[in-house]
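Descriptive analysis of the structure
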Amino acid sequence: MEEFYQLCRELFTTTLVLMAIAFGAVWLIYGLNTALNYLLGASAGLIYLRLLARSVERLGSDQKKLGKAQLLVVVVVIIVAVRWQELQIIPVFLGFLTYKAALLVHLLRGILPSP
């Protein structure tokens, strides 16, 4: 389990770093409003990643299948973005996918040889 916890910490840290970099870049290029939309989606993605990790952690002990609570995060954040006029759907959705970029970074670290 220690390896699992280390992987979780690495993914959360990488996601936070990517969130900060992307937030700054979006703010410089598109403005603060779009950057805040991105940050909302990225925060939802971080919550999703945490719920997924907690669900996977419980798989071996008392649960036989993954929960559906993490799916609710995606649905809620997209519905809020669609219903609230000030929010933009694309930056929120792309922000949500930031955790996927962290997974890709982790994958590339494992595949590419280290010097």
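Look above for the structure.
Residues numbered from 1 in each chain as written. Predicted model: local features only at pLDDT ≥ 70, side-chain atom pairs only at ≥ 80, totals over all residues. Heavy atoms only, no water.

A closer look at the overall build of the protein
- Summing up its helical and strand segments, the protein has 5 helices and 0 strands in all.
- Tracing the protein from N to C terminus, the helices and strands come up as α-α-α-α-α.
- In terms of overall dimensions, the protein has a C-alpha envelope of 45 × 40 × 15 Å along the principal axes.
- Going through the 115 residues of the protein one by one, you find that 29% of them count as buried.
- Here the contacts in the protein between residues at least 6 apart in sequence split such that 65% fall between residues at least 24 apart. (Helix = DSSP H or I, 4+ residues; strand = E, 2+ residues; numbered from the N terminus. Buried < 20%, exposed > 50% of the residue type's maximum accessible area, 1.4 Å probe, protein only. Contact = heavy atoms within 4.5 Å.)

A few points about the packing of helix H2 (residues 32-58) against helix H4 (residues 89-96)
- Direction vectors running N to C along H2 and H4 enclose 35°, while the axes themselves pass 6 Å from each other. Here H2 and H4 pass one another in a crossing that is right-handed. Contacts from Thr34, Asn37, Tyr38, Leu40, Gly41, Ala42, Ala44, Gly45 and Tyr48 in H2 reach Pro91, Val92, Leu94, Gly95 and Phe96 in H4.
- Looking at the contact of H2 with H4 residue by residue, the class counts come to 9 nonpolar, 5 polar and no charged. (Axes fitted to C-alpha atoms, helices over the stretch in contact; angles between N-to-C directions. Left-handed = near helix turned anticlockwise from the far one by under 90°. Nonpolar A, V, L, I, M, F, W, Y, C, P; charged D, E, K, R; others polar.)

A look at helix H1 (residues 2-30)
- Compared with the 42 Å implied by 1.5 Å per residue over 29 residues, the 41 Å span of H1 between its first and last C-alpha is a close match.
- Within H1 the residues assigned to the buried category are Phe4, Cys8, Leu11, Thr14, Thr15, Met19, Phe23 and Val26.
- Positive backbone phi, at 110°, marks Gly31, one or two positions downstream of H1. (Expected span 1.5 Å × (residues − 1).)

Remember that the coordinates give geometry; whether it matters functionally is a separate question.
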